[in-house]
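Examining the three-dimensional arrangement
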Amino acid sequence: LVALLGSEDGFAALSAARSLGEYGAEAVAALHALWPRLDTDDTGFRERFAAAIARVAAHAPDRLVGTWAEGRASLRVGLLHVIEATDDPPPAWRALLRQALEDPHPDVRARAAAQLAAQGEPGMLPVLLLGFRSEDGETRTLATAALAHVGRDAAHLLPEMLERLGDEETLWHPGAAAHGRT
């Protein structure tokens, strides 16, 4: 299975990742081969790989934290997908979300703020505003959906949200329907 993770056939690699996910804690040794699959700009594949990886990484939370410091922004976004795919993230991952608010990459900050806002963390509005105004369609969609968790404090953004209704990328991205973000 680990050999298939390196396959150029994305679907074969995804199938291998899902199979490793079924092993849970027994597949922790394979995490080194799973992380690179998160370092992609293909949102659909990244979300699918993240869901499979989350089933393994939850058994070794320190490995995700260690990988965070080593990765490019696209890998850090992928790691945030793993955290999002976990029902009950370990405390170390929650701390990583707060650390991600200081990340140099705006998409990483916006995704972390969206997850924290969904968990009821106060004070996320400034970071979500940056994400809402991002050039990246996925980041805008995520931030827009997360603004619902902010509530009345985000009401002043309603005119701008309505103005963006014609922007298809703001309203939908490949993984939006799976997360109820349409």
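This text goes with the structure placed above it.
Here the residue numbers are simple positions, counted from 1 along each chain's written sequence. Given that the model is predicted, a residue must reach a pLDDT of at least 70 before its local features are reported, and side-chain atom pairs must reach 80 or more before they are shown or counted; all residues, however, enter totals for whole chains, interfaces and linings. Side-chain metrics in this entry use all non-hydrogen atoms of the structure; hydrogen atoms and water are not considered.

Whenever Lys or Arg places a side-chain nitrogen within 4 Å of a carboxyl oxygen from Asp or Glu, that contact is recorded as a salt bridge. Per the counting criterion, the structure on display carries six salt bridges. The salt bridge partner of Arg-72 is Asp-39, with a shortest N-O separation of 2.8 Å. With Arg-72 in the loop between helix H5 (61–70) and helix H6 (73–84) and Asp-39 in the loop between helix H3 (31–34) and helix H4 (43–57), this residue pair connects regions lying 33 residues apart in the sequence. Relative accessibility thresholds used throughout: buried, under 20% of the residue-type maximum; exposed, over 50%; partly exposed, between the two (1.4 Å probe, protein chains only). Given the relative accessible area of 27%, Asp-39 is considered partly exposed. Two residues, Asp-88 and Arg-94, come together in a salt bridge whose shortest N-O distance is 2.6 Å. Asp-88 gets classed as exposed once you look at its relative accessible area, which sits at 57%. Going along the chain from the N terminus, every DSSP run of H or I of four or more residues is numbered as a helix, and every run of E of two or more is numbered as a strand.

Okay, helix H10 (residues 137–150) next. End to end, H10 covers 20 Å across 14 residues, agreeing with the expected 20 Å (1.5 Å per residue, within 8%). Buried within H10 we find Gly-137, Glu-138, Thr-139, Arg-140, Thr-141, Leu-142, Ala-143, Ala-146 and Leu-147. Following H10 by one or two positions, Gly-151 adopts a phi angle in the positive range, close to 80°. One fewer than the residue count of a helix, multiplied by 1.5 Å, yields its expected span.

With that out of the way, let us pick up H5. Within the span of H5, buried status applies to Leu-64, Thr-67 and Trp-68. Projected down its long axis, H5 carries its buried residues within an arc of 115°, all on one side. Along H5, the residues that are exposed and aim more than 90 degrees away from the buried face are Asp-62, Ala-69 and Glu-70. If you follow the buried residues of H5, they end up packed against H6, helix H7 (91–100) and helix H8 (106–118). This arc describes the spread of directions from the helix axis toward the C-beta atoms. Throughout, a contact is declared for two residues whenever any of their heavy atoms are within 4.5 Å.

What follows concerns the packing of H5 against H6. Two elements in contact, H5 and H6, have axes separated by 9 Å at closest approach and are oriented at 160°. Of the possible angle classes, the one that applies to H5 and H6 is roughly antiparallel. Judged by the twist between their axes, the crossing of H5 over H6 is left-handed. Contacts between H5 and H6 involve Leu-64, Thr-67 and Trp-68 from the former and Leu-75, Arg-76, Leu-79, Leu-80, Val-82 and Ile-83 from the latter. Gly is placed with the polar residues, together with every amino acid not listed as nonpolar (Ala, Val, Leu, Ile, Met, Phe, Trp, Tyr, Cys and Pro) or charged (Asp, Glu, Lys and Arg). Taken together, the residues of the contact of H5 with H6 break down into seven nonpolar, one polar and one charged. Under this scheme, a helix contributes an axis fitted over its contacting stretch, all axes are lines through C-alpha atoms, and angles between N-to-C directions fall in the 0 to 180 degree range. Roughly parallel means an angle under 35 degrees; roughly antiparallel means over 145; roughly perpendicular covers 65 to 115; every other angle is labelled oblique. A crossing counts as left-handed when the near helix is turned anticlockwise from the far one by less than a right angle, and as right-handed when that turn is clockwise.

Our next topic: the packing of aromatic side chains. Pairing of aromatic side chains here covers Phe, Tyr and the six-membered ring of Trp, requires ring centres within 6.5 Å, and sorts the geometry by plane angle: under 30 degrees stacked, over 60 edge-to-face, intermediate tilted. According to the stated counting rule, one finds two aromatic pairs in the structure shown. Each ring, one from Phe-45 and one from Phe-49, has its centre 6.1 Å from the other, and the planes form 35°; the classification is tilted. Linking Phe-45 with Phe-49, this pair stays in helix H4, spanning four residues, or about one helical turn. Through a chain of ring-to-ring contacts, the aromatic side chains of Phe-11, Phe-45 and Phe-49 assemble into a single cluster.

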